[in-house]
Amino acid sequence: MTTSETNKQQGFAEGQHVVLRPVLEDDLAALAGLMAENPLEPLPWTLQRLKNKFEDKDEPGLWGKTARHFVIVRHNGEVVGFLKESDDSNRGMHWNELHIKDGLADRDVLGVDTLTAYLAYKQKWHNPLRISFDVLRPETEKATWMVEAGFELELTQERVLFYRGQPEARCLYTWFSEELLNAPAWSEE
């Protein structure tokens, strides 16, 4: 295995089936296709638009101070999805999007494996209070992944996004830390 192939398999989080790592320039074509099929993306992602974002002089590589993109790759290096992370790390809050390539026979397995690996990664380095993922209501398989990985439906916003020409709900699935779950309820005095 060459150094380039090894780098494509190394990442921040590793599951049984996938590795999450920063985006490499070689990933851009696959990533553009994945972003285009994600129903939560408000604008169509073309390869050129993604290259321009990747080459941004202030925050290159789709890796910024408050927003980061991970590619999800199989252990053999095949790009199968992406995870977009936004955070307010001063408060321990993370707001994310996840997409695994449509039509894969093992898509459900990869989705749960990705969430489990990401959650373990976040807990390894610091103590997040909450980690949330947006899911469009018609994406029932993603909702199942969330529940299987320990997330719960926190909020549903009705008719906030258009999907295939129809208004749809955005669902927020959240993992809460023990600290947050055991915090005394706010009281009105």
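The notes below deal with the structure included here. Values in this document were obtained by computation on a predicted structure and should not be read as measured data.

**Section: the packing of aromatic side chains**
Argument step 1. Enumeration according to the criterion identifies nine aromatic pairs in this entry.
Argument step 2. Residues Phe-12 and Phe-70 carry aromatic rings whose centres are separated by 6.1 Å and whose planes lie at 85° to one another, so their mutual orientation is edge-to-face. A residue pair is termed long-range when its members are at least 10 positions apart, and Phe-12 in the loop between helix H1 (3-9) and strand E1 (13-14) and Phe-70 in strand E3 (residues 67-74) qualify at 58 residues.
Argument step 3. Taking relative accessible area as the criterion, Phe-12 reaches 40% and is therefore assigned partly exposed.
Argument step 4. With centroids separated by 6.3 Å and ring planes inclined at 50°, the aromatic side chains of Tyr-118 and Tyr-121 adopt a geometry described as tilted. With Tyr-118 and Tyr-121 both in helix H4 (residues 107-125) and three residues apart, this pair spans about one turn of that helix.

**A word on the pattern of salt bridges**
Argument step 1. All told, the structure shown has 12 salt bridges when counted by the stated rule.
Argument step 2. The partner of Arg-74 in a salt bridge is Glu-78, and the shortest N-O contact between them spans 2.8 Å.
Argument step 3. With relative accessibility at 18%, the residue Arg-74 sits in the buried group.
Argument step 4. For Glu-78, a relative accessible area of 33% corresponds to the partly exposed category.
Argument step 5. The residue Lys-122 makes a salt bridge to Glu-85 at a minimum N-O spacing of 3.0 Å. Note that Lys-122 is positioned in helix H4 and Glu-85 in strand E4 (residues 79-88), a separation of 37 residues in sequence.
Argument step 6. A relative accessible area of 1% places Glu-85 in the buried class.
Argument step 7. Here the residues in one salt-bridge network are Arg-68, Glu-85, Asp-87 and Lys-122, joined through shared partners.

Analysis parameters
Residues numbered from 1 in each chain as written. Predicted model: local features only at pLDDT ≥ 70, side-chain atom pairs only at ≥ 80, totals over all residues. Heavy atoms only, no water. Phe/Tyr/Trp six-rings, centres within 6.5 Å; stacked < 30°, edge-to-face > 60°. Helix = DSSP H or I, 4+ residues; strand = E, 2+ residues; numbered from the N terminus. Buried < 20%, exposed > 50% of the residue type's maximum accessible area, 1.4 Å probe, protein only. Salt bridge = Lys/Arg side-chain N within 4 Å of Asp/Glu carboxyl O.

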